[in-house]
Amino acid sequence: MDKLLEVKDLVVEFPTRRGVLRALDGVSFDIAPGEILGVVGESGAGKSLTGAAIIGLLEPPGRIAGGEIRLQGQRIDNLLSAQMRRIRGRRIGAIFQDPLTSLNPLYTIGRQLTETILTHLDVTPAEARQRAIQLLKDTGIPAAEERIDHYPHQFSGGMRQRVVIALALAAEPQLVVADEPTTALDVSIQAQIITLLKRICRERGAAVMLVTHDMGVIAETCDRVAVMYAGRVAEIGPVHEVIHHPAHPYTAGLMRCIPDMDMERERLHQIDGAMPRLNEIPRGCAFHPRCDKAMLRCHEQRPNLMPAGATRAACWLHEVPATPAAVEVAQ
Amino acid sequence: MKSWWMRWWDSDIGYSFRTSPTAVLAALIALLCGLSALFAPWVAPHNPFDLASLDLGSARLPPAWYPEGAWTYPLGTDDQGRDILSALIYGARISLFVGLTSVALSVLLGVTLGLVAGYLGGWVDALLMRLCDVMLSFPAILIALLIAGVGRALFPNAHETLAFGVLILSITLTGWVQYARTVRGSTLVERQKEYVQAARVIGVAPLRIMRRHVLPNVLGPVLVLATIQVATAIITEATLSFLGVGAPPTSPSLGTLIRIGNDYLFSGEWWITIFPGVMLVLIALSVNLLGDWLRDALNPRLR
Amino acid sequence: MNTRVMDDPAKAMTPGLEASVGSEVCSPRPALPQPLVVVEDLARTFDVSAPWLNRVLERKPRQLLHAVDGVSFEIARGQTLALVGESGCGKSTVARLLVGLYAPTRGRFLFDGQDAHAAYASAQRRQLRRRIQMIFQDPYASLNPRWRVEDIVAEPLREHGLLNDAAALRERVGELLRSVGLSPHDMVKYPHQFSGGQRQRISIARALATRPDFLVCDEPTSALDVSVQAQVLNIMKDLQRQQGLTYLFISHNLAVVRHVSDQVGVMYLGRLVELADKRTLFTQPRHPYTRMLLDAIPKLHDTSRARTPVQGEVPNPLNPPSGCAFHPRCPHANARCKAERPVLQSMGGVRVACHAVQEGRI
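Position numbers for residues count from 1 along each chain, tracking the sequence in the order it is written. As they are written, the chains are lettered A onward and the ligands numbered 1 onward, keeping that order. Only residues with pLDDT of at least 70 are given local features in this predicted model, and only at 80 or more are side-chain atom pairs given and counted; all residues enter the totals for whole chains, interfaces and linings.

Novice: I would appreciate a short explanation of the overall build of chain B in the present structure.
Specialist: The secondary structure listing takes helices from DSSP runs of H or I that are at least 4 residues long and strands from runs of E that are at least 2 residues long, numbered from the N terminus. The secondary structure content of chain B amounts to 12 helices and zero strands. Each helix and strand of chain B, placed in order from N terminus to C terminus, yields the pattern α-α-α-α-α-α-α-α-α-α-α-α. Along the first, second and third principal axes, the C-alpha set of chain B runs to 75 × 55 × 30 Å. Each residue is classed by its C-beta neighbour count within 10 Å, where at least 20 other C-beta atoms makes it buried, 12 or fewer makes it exposed, and intermediate counts make it partly exposed; the C-beta atoms are placed from backbone geometry. Put simply, chain B has 303 residues, and 44% of those count as buried. Here the contact rule is simple: place C-beta atoms from the backbone, and any two residues whose C-beta atoms are within 7 Å are in contact. Of the contacts formed within chain B by residues at least 6 apart in sequence, a portion of 68% connects residues at least 24 apart.

Novice: Looking at this structure, how should I read the overall build of chain A?
Specialist: Counting its regular elements, chain A contains 13 helices and 12 strands. Note that the radius of gyration is over C-alpha atoms, with the globule rule given as 2.2 Å times the number of residues to the power 0.38. Relative to its length of 331 residues, chain A is compact, with a C-alpha radius of gyration of 21 Å against a globular reference of 20 Å. Each of the three principal axes of chain A carries a C-alpha extent, and together these read 70 × 50 × 50 Å. When the 331 residues of chain A are sorted by exposure, 46% land in the buried category. Across chain A, the fraction of contacts at a sequence separation of at least 24, relative to all contacts at a separation of at least 6, is 63%.

Novice: Before we go on, may I ask you to explain the interface of chain B and chain C in this structure?
Specialist: Note: interface size is frequently given as the accessible area lost on complex formation between the parts. The interface of chain B with chain C comprises 13 residues on the first partner and 18 residues on the second. Taken together, the elements giving at least two residues each to the side of chain B that touches chain C come down to α9 (194–202) and α10 (206–243) of chain B. Per-class residue counts for the side of chain B that touches chain C are six nonpolar, four polar and three charged. Under the scheme applied here, ten amino acids are nonpolar (Ala, Val, Leu, Ile, Met, Phe, Trp, Tyr, Cys and Pro), four are charged (Asp, Glu, Lys and Arg), and all others, including Gly, are polar.

Novice: Is there a simple way to think about the interface of chain C and chain A in this case?
Specialist: Facing 29 residues of chain C, the contacting portion of chain A comprises 33 residues. If you list the elements that add at least two residues to the side of chain C that touches chain A, you get α11 (226–243), α12 (254–260) and α14 (288–296) of chain C. The biggest single contributor to the side of chain C that touches chain A is α11(C), with seven residues. Partitioning the side of chain C that touches chain A into residue classes produces 15 nonpolar, nine polar and five charged.

Novice: For this particular structure, what's the right way to read α10(B)?
Specialist: An α-helical turn contains 3.6 residues, so a residue and the one three or four places further along point in the same direction. Residue and element names in this part refer to chain B. Every helix has an expected span of 1.5 Å times one less than the residues it contains. The end-to-end C-alpha distance of α10, which contains 38 residues, comes to just 45 Å, noticeably less than the 56 Å that a straight helix rising 1.5 Å per residue would cover. Take the seven residues that end at a residue and the seven that start at it, fit an axis to each, and the angle between those axes is the bend at that residue. By the largest-angle criterion, L215 marks the main kink of α10, which is about 55 degrees, and a proline, P216, follows within four residues. Remark: G244 follows α10 within two positions and exhibits a positive phi of approximately 95 degrees.

Novice: Could you clarify how one ought to interpret the sheet that holds strand β5 (residues 74–75) of chain A in this entry?
Specialist: The pairing of strands in a sheet happens through backbone hydrogen bonds and is either parallel or antiparallel. Residues and elements named next belong to chain A. We call two strands paired when DSSP finds no fewer than two bridges between them. Here four strands make up an open sheet; going across it, the order is β2-β1-β4-β5 and the pairing antiparallel. Of all the strands in the sheet, the pair left with one neighbour each is β2 (19–31) and β5. Sheet topology places strand β1 (residues 5–16) next to strand β4 (residues 63–71); seven bridges connect them, and they run antiparallel. Bridging from a neighbouring strand, L5 pairs with L71 of β4. Strands in contact with helix α1 (residues 47–55) are β1, β2 and β4; relative to β2, the strand with the most contacts, it is inclined by about 75 degrees. Axis definition: a line fitted to C-alpha atoms, limited for helices to the stretch in contact. Angles are taken between N-to-C directions and run from 0 to 180 degrees.

Novice: Before we go on, may I ask you to explain the packing of helix α7 (residues 157–169) of chain A against helix α8 (residues 187–204) of chain A in this structure?
Specialist: For any two helices packed against each other, the geometry is given by the interaxial angle and the distance between the axes. All names here are of chain A. Where α7 contacts α8, the two axes come as close as 10 Å, and the packing angle between them is 15 degrees. When the axis of α7 is compared with that of α8, the two are roughly parallel. Crossing of α7 over α8 shows right-handed handedness. Residues G157, G158, Q161, R162, I165 and L169 of α7 pack against I189, Q192, I193, L196, L197, I200 and R204 of α8. Residues that form the contact of α7 with α8 fall into these classes: seven nonpolar, four polar and two charged. Throughout this description, any angle smaller than 35 degrees is read as roughly parallel, any larger than 145 degrees as roughly antiparallel, any in the 65 to 115 degree range as roughly perpendicular, and the remainder as oblique. Crossing handedness follows the turn of the near helix against the far one: under a right angle anticlockwise gives a left-handed crossing, and clockwise gives a right-handed one.

Novice: In this structure, what is going on with the nonpolar core? I would like to understand it.
Specialist: Residues A:L175, A:V176, A:V208, A:M209, A:Y229, C:V153 and C:L248 are the most contacted members of the largest nonpolar core, which totals 274 residues. Ranked by residues supplied to this core, first place goes to helix α5 (residues 84–120) of chain B with 18 residues. Discounting chain neighbours no more than four positions away, the residues touching C:L248 are C:I75, C:L81, C:L83, C:A95, C:L98, C:V216 and C:C217. To form a nonpolar core, buried Ala, Val, Leu, Ile, Met, Phe, Trp, Tyr and Cys residues must be joined through C-beta atoms within 7 Å.

Novice: Explain helix α9 (residues 166–179) of chain C here, please?
Specialist: The terminal C-alpha atoms of α9(C), which comprises 14 residues, lie 20 Å apart, in line with the 20 Å expected from a rise of 1.5 Å per residue. Following α9(C) by one or two positions, C:G181 has its phi on the positive side, about 90 degrees.

Novice: In this structure, what is going on with the sheet that holds strand β1 (residues 37–47) of chain C? I would like to understand it.
Specialist: Residue and element names in this part refer to chain C. Pairing is antiparallel in the open sheet, where four strands are placed in the order β2-β1-β4-β5. A single partner strand is all that each edge strand has here, and the edge strands are β2 (64–75) and β5 (114–115). Where β1 and β2 come together, nine bridges link them in antiparallel fashion. Across the sheet, T45 pairs through a bridge with H66, a residue of β2. Sitting on the sheet, helix α5 (residues 91–98) touches β1, β2 and β4 (106–111), and the angle it makes with β2 is about 65 degrees.

Novice: Looking at this structure, how should I read the confidence of the model for chain B?
Specialist: Detailed reading of predicted coordinates is not advised where the pLDDT is low. Residues and elements named next belong to chain B. Confidence of the predictor at the level of single residues is captured by pLDDT, which takes values from 0 to 100. On average, residues of chain B score 83 in pLDDT, and 95% of them are at 70 or above. Of all secondary-structure elements in chain B, the lowest mean pLDDT belongs to helix α1 (residues 4–10), at 70, while α9 reaches the highest, 93. Across the assembled chains, the prediction reports ipTM 0.81 with pTM 0.82.

Novice: Help me understand unusual backbone geometry, please; the structure alone is not making it clear to me.
Specialist: Peptide bonds are trans in most cases, and residues, glycine excluded, mostly fall at negative phi. Residues and elements named next belong to chain A. A cis geometry characterises the amide bond from P60 onward to P61, with omega recorded as 10 degrees. The topology assignment puts P61 in the loop between α1 and β4. Backbone geometry places D9, a non-glycine residue, at a positive phi of 50 degrees. With 13 C-beta atoms packed within 10 Å, D9 lands in the partly exposed category. One non-glycine residue, E172, adopts positive backbone phi at about 55 degrees.

Next up, the structure:
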């Protein structure tokens, strides 16, 4: 099947005066057309950076130092900024965390929407305005014909995030990168927004890369999920499998840490230690100092993603040895 | 354990300093001027204020590289036989003394008022900010002239000490406002932060909170401002001296020297006014550049 | 757990109801210990009007924000009450009222039998501040970035004059750091050298320096990652058991609340809409807002369940709806809900402020 987005061995570095910091160290995953992929991880894991690298909004001195990003087969990581600008918005849409700062407070939302539409699509201004009104209606904003001429400060937080979603979808992109779209919102609004996001992207056939630290949001929205740790992908697979049958010890620990609303526990499971800082990533597997199943090999060699049941995990526990003994047993 | 200055040298600010040629050069020049001003009696070849040592015969000599000049007076002499180089060094001493003192007092006054206004808020804040507005609407020179005039009228006899007091006072009074405003703004921000609220919950008194918690966190921009203000203060002092209301002629500052020399500019004795002018520019420039570097070094976003 | 409420219904009544019944106050049974924290009709209003000059020139009205509009609850010694709600519900203001950062506009807070706000305003405030402490939400702003950890943790001890000898102070600080899982060697470091979770632990160490009885925790783990959150919550529970601490735990995360609390209070626009013990609240929520909240939270398991549609957003607290604040979003609202504000009433061990529940409609 043709992949919409392919990320292969992506490396992002930050040169500092104390040496080069590798924020992303060989990240690989892909997204099929119309699929919703969740990227989950704790702070410092590199999930937002991955989103920024894909959209082409890495803040200098950060730069892509290796690997490729392909959108429908075409490389987009090595484009000039003028070329990237054409792709950004038209083929990739973006939704950021804070709806307050995502919209320009000085322009009406109608103007911001039509500006995006006119930049990327070949339509007349009148048609652009009609499309904008339709978008607002689709995202559930009441009285769209009037509110299109309102300013961002006249909307509440949840409404503003709806406008941001409309803005991201205005030029009909094939991929939407959403970076923590519900974190700044109240719980009851969160539920509305993720339902909206899911529905509207399915309707338009847009794929979504949903970056978040909230596993519950992932569980409700995504088809597949990638778990990131210390700039690498620890595990990737269908959502249900990763959550209920995690193959990587970090994923397993993470799932157990999350307080469950439906169950009572005397003591929450905790993973001792903390995620290593970028300049202190250990050799071999980045998780081995905190892993209770670490073997000697984990200290030396870094595991790549390998098949582990229904998912793929970067963990030596799942290596299938090609020894005669195994062959014998199979026979 | 490394000594404190070795740790500073290794830190981010130390690194920023040693990799910036302008900062190092500016610091060297400022240090040179400062040290020679401090050790003036030992550094200067003559004492220009010792009337007994003046030789009217060597008045108005050009700088040493001219055929009429002599190396005992490297930069020439003025109309009374004073060695220009020595006058420069002593003059710089006066200028730096006035500049640094008035800035120190400005900082003290401005930071205190800004802290109190920002922390207490309410009518105290409103009153102090209106005061700032009033002070800002008067030009510095005007205030200085006013205070000088009043001072002279009140104490017609204590001329010399009064002159310095008046000078420092007027520069202080025109400079404190920007510190007060900056510190007030930062205090308003810091006051909302949770470490201040934690201190209140512990039961620490407001004065102690201002002094021990808020003050260390709002001093950063003050440092930058103060460095740049030293240059402004020196120039203001020079202007006032030039206008005749600054340093007395018995202990001339760079501004006084410029004024004295101005009269001789068109008769060809350019060295009497130009050299003090160059010295003034050098000091002001090096201090300004240092201040610029400091502002960039302390800005966390640019690091 | 909440049997005390059942045995002593007069204490559970809000002033409105009490007036209608008659002004009898049943004296508590001698065998029952007084709850450590008793809050009665606490309220706080903020004047957020434009400055006087603007008001006069532009003819703008005075604007009052009723951040907390009459909450009442009790916390027994050694227990944890969690206050949950969304933004604008006033839970943070309640926290700040209890620690004396604000004075109430109405109502009382009785701590161990005495009026706390009278104490805060008088010479007894030092005594009280030794017994009530607070932990804040933002681990990055709750420690002074220019102070060493040793000075930060020792500040309450120095301020109250509990220990004056430098060596004794250092030892106590080391002991406190050890009790939250940090090393005593950490005391010479600065806050920026620690991670968010570690900083929160330093905050806890500081709060426990004076051996308080009551800790108010304002969203202590909301800014932390899930795995770090687990560590901090476990430490807080351990410390509670070891030292018999009483907690008021503010949070918007119901899953965390389920783990740490004994009783839960749900707030909406400055009012308490439901107050129950944890098990009852999570298994049998009564108030429509509680049900909506529990339903809205994305869950890890059972993701395909049907949900009741959620309507609207939290209204502007400057302009709250008339009667019951929740009526615009409530599927069960009737005319009475629009006109009359419901009082918090005890119904079968649970306190609910809802006409529909009290009338038996839901």
